[in-house]
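# Examining the three-dimensional arrangement
Single-letter residue listing:
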Amino acid sequence: MFERFGLKDAFYAIWKHKVLIIAVALATGLLGGLALSGNPKRVTGQTVPGQYNETITYYVKLSDKAYQSKGLATSSLSAVQLDYTKSYTAILTSDVCLDYVVASAEEIVGKEKMDKQLRAVNPDGAVEKHQALKNLVKVEQVKDSYLITVSITSVDTDFVKAVSQGYYNYVNQANNDFDFAQLQHIKTVKSDNETLQIREKSNAFSKTGFVKYTVAFGIAGAAVAIIAVMGIALFFPTINRKSDFQMYNVPVLGELPKSKGNRGGV
């Protein structure tokens, strides 16, 4: 008669151990909520667009006119060539050059895009556009050589390409005016890097997170407790109380009182 375990038995077992189930649900819910609501949540492996760069390399070559005007042998002109390299490095960072590059780039990508990129490094408009461009362009002489590099970096690829083209245009025009040396384009190196970003939530206590995790862990704890109670009732049945017999409609003549060292029984 007691070997069958039906729906009625299940509900009875749950009701019988309701205090235990509620206690487990509350304990797991509170512990889970407190443990996770204040911990940082990391999202790894997310790539975001990196900064785009174009680096132009120019070679400073002396003209025949330079050789003739100095009256020196070709082998003696290395110092003069270095001087011109330094001079042209300064020219490519001059206000005249940068102003020309800005105007040329605006014709390619439009004034609005140029203004947007330059405002990022000059939000208050404290300096002119060509001065703001200096923050995005690096011009330098390669140590002890006749090479000059112009490096443009920004998150906007079109902006970088436009500025790069602006330098091409300026150098082509300037070469017509440079009698003693010419800037020869050697190469342009382009790179577009992606960066790995780790986003982190604040580790401050979150009320919303606490409620969410408390409810989730509370439900999970209650489910585990119910399964445990059902398992105990199914595999380790206990029939030793008056209420246990009454559940199965078994008449009970009497119930022995509990005494010290004795759990009592029917």
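Right above here is the structure, for reference.
Since the model is a prediction, treat every value here as computed from it, not as a measurement.

## Details of the overall build of the chain
Counting secondary structure elements, the chain contains ten helices and four strands. Listed by position from the N terminus, the elements making up the chain come as α-α-β-α-α-α-α-α-β-β-α-β-α-α. In the chain, which comprises 266 residues, the proportion classed as buried is 31%. Nonlocal contacts in the chain, meaning residues at least 24 apart in sequence, comprise 78% of its contacts between residues at least 6 apart.

## Details of the packing of aromatic side chains
Using the criterion set out here, one finds three aromatic pairs in the structure. Relative to Y146, the ring of Y59 lies with its centre 6.3 Å away and its plane at 70°, an arrangement referred to as edge-to-face. Separated by 87 residues along the polypeptide, Y59 in strand β1 (residues 42-62) and Y146 in the loop between β2 (137-141) and β3 (147-154) bring together distant segments of the chain. Given a relative accessible area of 26%, Y59 falls into the partly exposed group.

## Looking at the nonpolar core
Formed by 35 residues in total, the largest nonpolar core has its most connected members in L92, L133, V150, V163, Y167 and L183. Looking at this core, the element that brings in the most residues is helix α8 (residues 157-175), giving eight residues. With residues up to four places along the chain from it excluded, the contact list for V150 reads E54, T55, I56, Y58, L92, V137, K138, V139 and Y167. In this structure, A25, A222, A225 and V229 belong to the second largest nonpolar core, which totals six residues.

Conventions adopted
Residues numbered from 1 in each chain as written. Predicted model: local features only at pLDDT ≥ 70, side-chain atom pairs only at ≥ 80, totals over all residues. Heavy atoms only, no water. Helix = DSSP H or I, 4+ residues; strand = E, 2+ residues; numbered from the N terminus. Buried < 20%, exposed > 50% of the residue type's maximum accessible area, 1.4 Å probe, protein only. Contact = heavy atoms within 4.5 Å. Phe/Tyr/Trp six-rings, centres within 6.5 Å; stacked < 30°, edge-to-face > 60°. Core = buried A, V, L, I, M, F, W, Y, C linked by side-chain atoms within 4.5 Å.

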